[in-house]
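Close look at the chain arrangement
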Amino acid sequence: MPAQVYLDYQSSKPVDPRVVDAMRPWFTERFGNPSSLHLDGDEATDALERSRERVAQFIGANKDELIFTSGATESNNLAIIGYVTRNRKRGDHIVIAESEHISVHNIAKAIEKQGFKVSKVGVDQYGRVSVEKLRKKIIDTTILVSIGWASSEIGTVQPMQEIADVLHGKGIALHSDAVAAEGLVPIDVRKVPVDLLTLSANDIYGPKGLGALYIRRNVNIAPIMPGGGQERGLRSGSEDMPGIVGMAAAADIMASEMPAEVLRLAHYRDRLIEGVLGRIPKSHLNGHPRERLPNNAHFRFDAIEGESLLLSLKDKGIAVSTGSACSSKTLEPSHTLISCGLLHEEAHGSLEFTFGRWSRPSDADRVLEVLPGIVERLRSLSPLYEKEAMA
Amino acid sequence: MKSTSYSEKTLDHFRNPRNVGALDGPDVAVGKVGNPVCGDLMYMYIRVSDDRIVDIKFQTFGCGSAVATSSMTTELVKGMTLDEAMKVTRNDVADALDGLPPIKMHCSNLAADALHDAIKSWRAGRRGETPEPPKAGEVRSSCGLPAAKPPAIEGAEALLGKGVYRRVEDPKAFVDKRVLIVDRGKPSVDVALDLTKHTGRVIFMSSTKEPSSKDDPRTPLKRSDVKVIYEAELIAVLGEGEVEKVRVHDLNENEDYELYIDAVVILE
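On a predicted model such as this, the values are computed, not experimentally measured, just so you know.

Quick notes on the overall build of chain B
Assigned secondary structure in chain B consists of seven helices and eleven strands. By the burial criterion, 53% of the 268 residues in chain B qualify as buried. When contacts within chain B are restricted to residue pairs at least 6 apart in sequence, those whose partners lie at least 24 apart make up 61%. For chain B, the accessible surface area stands at approximately 11800 Å², while carbon and sulfur atoms represent 48% of it.

Structure below.
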């Protein structure tokens, strides 16, 4: 488990050792293919279907409403591309939120090239979708709305119930990428009637390379990858049994530990937010002050750049993320931050802390010990820093 | 290679930058490159005696390599003649740091440009002054959309009453909204200051430079919660049926960028 002060759980989580134990036999002793008709195959089929039931249960779904995929990216592609392809006769228009992760924007771009039309609904300064604005984006040809349950970056949780209410009875499907929210906020598809829901195993301390897509009964999608017809023909390819068993084990553990874990993480988060805003002048919280993930604290600091902050924290053995363009592959600032109305220079000064299962109470204290000095040092180098204005 | 895969030497200059600060006096010239919009802004100050750089200091806002290249440049050229210093290239700076990640070679390796800008200022007789912003085209732009500059604010009329305001009668209409106020002198400053009582996000945009006089009507903004953008012009208000975002022209960089906003106040 993390030895340093690891506050980047949104980027990657360790696999829970209990999950690894559950997975282990499926690499060596139980190597059967669920499609085989012999005993080894039967054993795998049983485990596959039991795992499906347990993951489905985690979100209040039936077991015939869930298929396994290679992760959230595949689930999002299958949900959006698969849905619009299958339902093209009914319309050619979809709506996504401006604040979505870049991966959803890129899927939208890909279907635009196939002739579909995409509208983007704006968010407020905290990154929340306005239901009124969403209503205005819906037209006669709208067939799908895709809005992430929560932002993995700024931590804002979307009003999913209200969003589902807006679409109710209109024959418009609702897809939600729930990877940032799973294990942190309750998700029950019986209460919030989403039609398609993306899950990832690693986000609940399961293995990487494994995800799931919930598909409500009577919602039809087309496969995006032709092949042997596994997973009801929607996701071909031999099932990754160790991964699937691991995701089910992770879901079971999360279901029983989540209530206490969420309270503990929220306590660390609040201690960090209070400390940073109280001790560092000209520091701001990004994302919603209340409707936010219990493990997420996201800040920006005037007159400094995020990569410099990240490197300085790295030197102190603290792992974090930044939305600054300077540390991204494309040199573009985070689109989520820009969609909240931040200027590029403000997005550059952002820093994200995310707590997780192995976070310790001392982690927030360690950040509060070193961060004020780091901010002060970097401001002393910066021509944008003005002492009188900062005072 | 990752954008933060820095050499030990680069990290050393980031952790312990040499020659940080500013210089002043009649024998000092200043060079500037970059723009906070792009994530990098550098000032390079040179003190010149007998055509030689006798002292040099820098101030930099930017990522690790922006700080390290600034620091290294000051070390490389201190004591050089102006002609010698003009020949120092970005590659020389990167080489002296044992290389930079390829993606950082252009965006944040601007220190040599800032140095050359300072030497040009000196030779043009701009000495003992505050830094002149680089003219458009003189410094290579590193980010933003291609610039286009129509004369009027496109879309402002069409969205009047749908997020565009000519006057502010009821500040409560702006509660929790992101508001952009275009500089129209003191009345617009008063509106901006007043609106901070009703919403957490008030942006004031002026096409002029940041005022240096205490008597300027915009000076009180500095101590307020208003976010001020100088040297920028509003060129378009965008949205389907209501204001969703604006396009801004950055006069300093001659580039355009978009800003997500809920309301725009352009006083009559």
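Section: the environment of Met160 of chain A
Residues and elements named next belong to chain A. Along the polypeptide, Met160 turns up in helix α6 (residues 160-167). By relative accessible area, Met160 is classed as buried at 2%. Separated by 32 residues in the primary sequence, Met160 and Val192 have C-alpha atoms spaced 6.9 Å apart. If sequence neighbours within four positions are ignored, Met160 has contacts with Ile147, Gly148, Trp149, Leu174, Ser176, Val192 and Val194.

Description of the sheet that holds strand β1 (residues 28-35) of chain B
All names here are of chain B. Strand order across the open sheet formed by three strands is β1-β2-β3, with antiparallel pairing between neighbours. The open sheet has two edge strands, β1 and β3 (52-61), and neither has a second partner. Neighbour-to-neighbour, the strand axes of the sheet open up by a mean angle of 15°, direction not taken into account. In this sheet, strand β2 (residues 40-49) lies alongside β1 in antiparallel orientation, the contact comprising eight bridges. Bridge pairing links Gly31 to Met44 in β2. In the packing of helix α2 (residues 64-77) onto the sheet, the strands contacted are β2 and β3, and the crossing angle to β3 comes to about 175°.

Let's talk about the packing of aromatic side chains
Under the defined criterion, the tally for this structure stands at eight aromatic pairs over all chains. Ring geometry for Tyr9 of chain A and Tyr205 of chain A: centres 6.4 Å apart, planes at 65°, overall edge-to-face. Here the residue Tyr9 of chain A occupies a position in the loop between β1 (5-6) and α1 (17-23), and Tyr205 of chain A occupies one in the loop between β7 (196-200) and β8 (211-215), the gap between them amounting to 196 residues. Among the residues examined, Tyr9 of chain A registers a relative accessible area of 1% and is labelled buried. According to the relative accessible area criterion, Tyr205 of chain A is buried, its value standing at 3%. A ring pair is formed by Phe299 of chain A and Phe301 of chain A, whose centres lie 6.1 Å apart and whose planes are at 40°; its orientation type is tilted. Accessibility assignment for this pair places Phe299 of chain A and Phe301 of chain A in one class, buried. Three or more aromatic residues joined by ring pairs form one cluster here, namely Tyr6, Tyr9, Tyr205 and Trp358 of chain A. Note that Arg127 of chain B overlies the ring of Trp122 of chain B, its terminal NZ or CZ placed 3.7 Å from the centroid.

Thoughts on unusual backbone geometry
Most peptide bonds take the trans configuration, and most residues that are not glycine carry a negative phi. Unusually for a residue other than glycine, Tyr205 of chain A sits at a positive phi of about 70°. In this model, Asp98 of chain B sits at a positive phi of 60°, which is unusual for a non-glycine residue. Examined against the element boundaries, Asp98 of chain B turns out to sit in the loop between α4 (90-96) and α5 (104-107).

Here we look at the packing of α2 of chain B against helix α6 (residues 111-123) of chain B
Residue and element names in this part refer to chain B. Running from N to C, α2 and α6 cross one another at 50°; their axes reach a closest spacing of 8 Å. What the angle tells us is that α2 and α6 run oblique. In this structure, α2 contributes Thr69, Ser70, Thr73 and Val77 to the contact, and α6 contributes Ala111, Ala112 and Leu115. Within the contact of α2 with α6, the residues separate by chemical class into four nonpolar, three polar and no charged.

Let's talk about the nonpolar core
Counting 130 residues, the largest nonpolar core has Trp149, Phe353 and Leu371 of chain A as the members making the most contacts within it. Among the elements that take part in this core, helix α7 (residues 241-279) of chain A stands out by supplying 17 residues, more than any other.

Let's talk about helix α11 (residues 361-381) of chain A
Residues and elements named next belong to chain A. An ideal rise of 1.5 Å per residue puts 30 Å on 21 residues; α11 measures up with 32 Å between its terminal C-alpha atoms. At Val370, α11 shows its maximal kink, close to 30°; a proline, Pro372, follows between one and four residues later. Inspection of α11 places Asp363, Ala364, Val367, Leu368, Val370, Leu371, Ile374, Val375, Leu378, Arg379 and Leu381 among the buried residues, and these make up the whole buried set.

Considerations on the interface of chain B and chain A
Each side of the interface is counted separately: chain B has 46 residues, and chain A has 44 residues. Remark: the boundary between chain B and chain A carries eight salt bridges. Salt-bridge contacts for Glu240 of chain B lead to Lys137 of chain A; the nearest nitrogen and oxygen are separated by 3.3 Å. Linking chain B with chain A are 20 residue pairs in polar contact (both at pLDDT 80 or more), by the criterion used here. Looking at the side of chain B that touches chain A, the elements that each hand over two or more residues are α1 (8-15), β2, β3, α2, α5, β6 (201-205), β7 (227-229) and β10 (255-260) of chain B. Considering only residue class, the side of chain B that touches chain A consists of 20 nonpolar, eleven polar and 15 charged.

Here's the deal with helix α4 (residues 102-113) of chain A
All names here are of chain A. Given a rise of 1.5 Å per residue, twelve residues ought to cover 16 Å, and the 17 Å separating the end C-alpha atoms of α4 matches this to within 8%. Those residues of α4 that fall on the buried side of the exposure criterion are Val104, His105, Ile107, Ala108 and Ile111. Seen end-on, α4 carries its buried residues on one side only, within an arc spanning 160°. Of the surrounding secondary structure, the elements contacted by the buried residues of α4 are α3 (72-86), β3 (93-97), β4 (117-121), β5 (142-146) and α9 (335-339). Positive phi appears at Gly115, one or two residues downstream of α4, with a value of about 100°.

Observations regarding the confidence of the model for chain B
Residue and element names in this part refer to chain B. Mean pLDDT over chain B: 87, with 90% of residues reaching 70 or higher. Under a pLDDT of 50 for its full length, residues 132-150 has, in the predicted model, 41 contacts with residues more than four places off or in other chains. For this predicted complex, the interface confidence score (ipTM) comes to 0.77, while the overall pTM stands at 0.85.

Definitions and limits used
Residues numbered from 1 in each chain as written. Chains lettered and ligands numbered in written order. Predicted model: local features only at pLDDT ≥ 70, side-chain atom pairs only at ≥ 80, totals over all residues. Heavy atoms only, no water. Helix = DSSP H or I, 4+ residues; strand = E, 2+ residues; numbered from the N terminus. Buried < 20%, exposed > 50% of the residue type's maximum accessible area, 1.4 Å probe, protein only. Contact = heavy atoms within 4.5 Å. Areas by Shrake-Rupley, 256 points an atom, 1.4 Å probe, with all protein chains shown as cover. Pairing = 2+ DSSP bridges. Axes fitted to C-alpha atoms, helices over the stretch in contact; angles between N-to-C directions. Phe/Tyr/Trp six-rings, centres within 6.5 Å; stacked < 30°, edge-to-face > 60°. Lys NZ or Arg CZ within 6 Å of the ring centre and 35° of its normal. Parallel < 35°, antiparallel > 145°, perpendicular 65-115°, else oblique. Nonpolar A, V, L, I, M, F, W, Y, C, P; charged D, E, K, R; others polar. Core = buried A, V, L, I, M, F, W, Y, C linked by side-chain atoms within 4.5 Å. Expected span 1.5 Å × (residues − 1). Bend = angle between axes of the 7 residues up to and from the residue. Salt bridge = Lys/Arg side-chain N within 4 Å of Asp/Glu carboxyl O. Polar contact = N/O pair within 3.5 Å; in protein donor to acceptor, adjacent residues only side chain to side chain. Arc of directions from axis to C-beta. pLDDT = per-residue confidence, 0-100.

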